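The lines below spell out each chain.
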Amino acid sequence: MAGYECTDKLNAWGNRVDFLYTTGHLQCLDDDYQDLEPFGIRTVREGIRWSQVEKRPYQYDWHVVQHMMERGRANGIQQVWDLCHFGFPDDLTPLHPLFARRFAALCRSFVQFYRSINPDSTLIVTPINEVSFLSWLGGDARGTSPYCVGQGWEVKYGLMRAYIEGVAALREIDPSVRILTTEPLVNMVPPMNATAEQIGQAALAHNDQYQATDMLCGRMCPELGGRPEYLDMVGLNFYYNNQWIVGSGAFLPWVNDSLDPRWRPLRDLFMQVYNRYQRPIVLSETSHPGEDRPFWIRFVARESAAVLKQGVPLWGICLYPIIDRPDWDHLTPWHRSGLWDAEVDANGLVSQQPPRRVLYQPYADALRDAQALIANTNAQPAISQFRL
C-alpha cells in the first residue's frame, strides 16, 4: 500500500498546514497514482482534511474529496480514507464539549456522500489517525491543538469518545463500513540494571499503547460505548525509532548490533497484538529516512514473512509516506523518507510547486525484493477487503 501525507493540523506555531498541497499530491493525483503501477501498488491511504471540508459547523464541502475519488476510480486505485489526520476545524479541540457530536455528524455526511458517488465498493475508513500520538502531541507536548501539558489522558478520552461515536454514525448509515485503526506499535523498556520500580514503570508505559484500541472495543472505559465489533482491522504504525527507554527517551537502534536483550523483533510485536485482539492486522505506516530506506524495507519484509508463515492474517504493508514530506513545524528539511523524494535546492527548499518527484532507485530495487519475498512466502493472507 501507499500512504500520502495528508495532515491538516495546526503545527507547533499555531499555523495550519496542508500536506496534500505541500507535497504536491493534490495537484498530481493522476501522475502519483500512475507512478505506483510499475510496483503493483493499487491500494492507498488518503485523507479528507476535516478542517477544509467543514469550514462552518455542520456545513460540508466535498468537492475536493469528490475529485480525489474520481481520479482514484479512473486509475483503478482503492482508497482508504482518514477522516481526521491530526487536523480539525479551527473552532474545535478534542476537549470541546461538542467535539464528538461534530465528528459523528461529519462521519454521517461523509458516508452519505461517498455512497452517492460510489454505492457498491468496500468502504474502509480510519476515523482518527493515531489517537495515542495525537493525545500526547496536543495534550502533553504542546505540539498541536489544544496545546496542553499534563492533559494527555483527557485529550485521549475526548478523541476516543469522538472515535466511538463516529464509528456508530458510520455504521448507522452503512453497516458494511470497515474500520481500520492506526495506532503506534511500540516497545517501551526500562534502563539497563533497572530497579523493580523502573521495570514496573516501563511495563505500564508499554501497556498504555493499547488504551485507545481497548477503549474502542469496550475493554476500557465502557461508558464511552465501545463494542467488540467496532474493532475490525488493527492497523499498526511502526518506524525505526518505535523502541525506546522509559525515562531517558533514548532509542534502541533497530539494527541491534549490540544485541541488546531489550530490543524486540517486529514479528514478536506483531504477534503480541494479534494474540491480544485476534483481528487481521495491517502495517499501516512504515518508513525510514535517508540512505537506510532499502535496508529498512527488506527488514520489514523479513519480519512480515515470518508472521505470515505462522498463519497471521497480515493484510497489508503501507509505505508512509510514499512521497517525501517536510517537517510539520518549519516546513524544512524534507525527510527523505519516501519512495519518491522531492527535488530540493541547495538550501533544502523545493525548487518548484508542486515539487518534482525523484525516484530513489535503491529503495525501489529493495521494494521489489521485498515484494518478491512476501509473494514467495508459503502462506497466503486473507485479503478479501484489500486489493493488494
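Residues numbered from 1 in each chain as written. Predicted model: local features only at pLDDT ≥ 70, side-chain atom pairs only at ≥ 80, totals over all residues. Heavy atoms only, no water.

Caption draft 1: Structural view of the overall build of the protein chain. Scanning the protein chain from terminus to terminus reveals twelve helices and twelve strands. The buried share of the protein chain, taken over its 388 residues, is 57%. In the protein chain, of all internal contacts separated by at least 6 residues, the share reaching a separation of at least 24 is 73%. For the protein chain, the computed accessible surface area is about 15900 Å², with 52% contributed by carbon and sulfur atoms. The average position of the 35 basic charges and that of the 44 acidic charges among the side chains of the protein chain differ by 4 Å. (Helix = DSSP H or I, 4+ residues; strand = E, 2+ residues; numbered from the N terminus. Buried < 20%, exposed > 50% of the residue type's maximum accessible area, 1.4 Å probe, protein only. Contact = heavy atoms within 4.5 Å. Areas by Shrake-Rupley, 256 points an atom, 1.4 Å probe, with all protein chains shown as cover. Lys, Arg positive; Asp, Glu negative; His and termini not counted. Charge placed at Lys NZ, Arg CZ, Asp CG, Glu CD.)

Caption draft 2: Structural view of the pattern of salt bridges. The full count for this structure, using the stated rule, is 22 salt bridges. Note that Asp30 and Arg71 form a salt bridge whose closest N and O atoms lie 3.0 Å from each other. In this pair, Asp30 sits in helix H2 (residues 29–36) while Arg71 sits in helix H4 (residues 63–74), placing the two residues 41 residues apart along the sequence. Given a relative accessible area of 26%, Asp30 falls into the partly exposed group. (Salt bridge = Lys/Arg side-chain N within 4 Å of Asp/Glu carboxyl O.)

Caption draft 3: Representation of the packing of H4 against helix H5 (residues 99–117) in the model. Running from amino to carboxyl end, H4 crosses H5 at an angle of 40 degrees, the nearest separation of the two axes being 11 Å. Here H4 is positioned oblique relative to H5, judged by the angle of their axes. By crossing handedness, the relation of H4 to H5 is classed as right-handed. Contacts from Val65, Gln66, Met69 and Arg73 in H4 reach Phe110, Phe113, Tyr114 and Ile117 in H5. Its residues placed into classes, the contact of H4 with H5 shows six nonpolar, one polar and one charged. (Axes fitted to C-alpha atoms, helices over the stretch in contact; angles between N-to-C directions. Parallel < 35°, antiparallel > 145°, perpendicular 65-115°, else oblique. Left-handed = near helix turned anticlockwise from the far one by under 90°. Nonpolar A, V, L, I, M, F, W, Y, C, P; charged D, E, K, R; others polar.)

Caption draft 4: Local environment of H4. Its twelve residues place the ends of H4 16 Å apart at the C-alpha level, agreeing with the 16 Å of an ideal helix rising 1.5 Å per residue. Here H4 has its buried residues at Val65, Met68, Met69 and Gly72. The arc enclosing the buried residues of H4, seen along the axis, measures out at 100 degrees, which places them on a common side. Counted as exposed and oriented over 90 degrees from the buried face of H4: His63 and Ala74. Tucked inside the fold, the buried residues of H4 contact helix H1 (19–22), H2, strand S2 (43–47), helix H3 (50–53), strand S3 (78–84) and H5. Following H4 by one or two positions, Gly76 adopts a phi angle in the positive range, close to 70 degrees. (Expected span 1.5 Å × (residues − 1). Arc of directions from axis to C-beta.)

Caption draft 5: Just the confidence of the model for the protein chain, in detail. Looking at the protein chain, the pLDDT average stands at 96 and 97% of residues meet or exceed 70. Across residues 381–385, where pLDDT falls below 50, the model places twelve contacts with residues more than four positions away in sequence or in other chains. (pLDDT = per-residue confidence, 0-100.)

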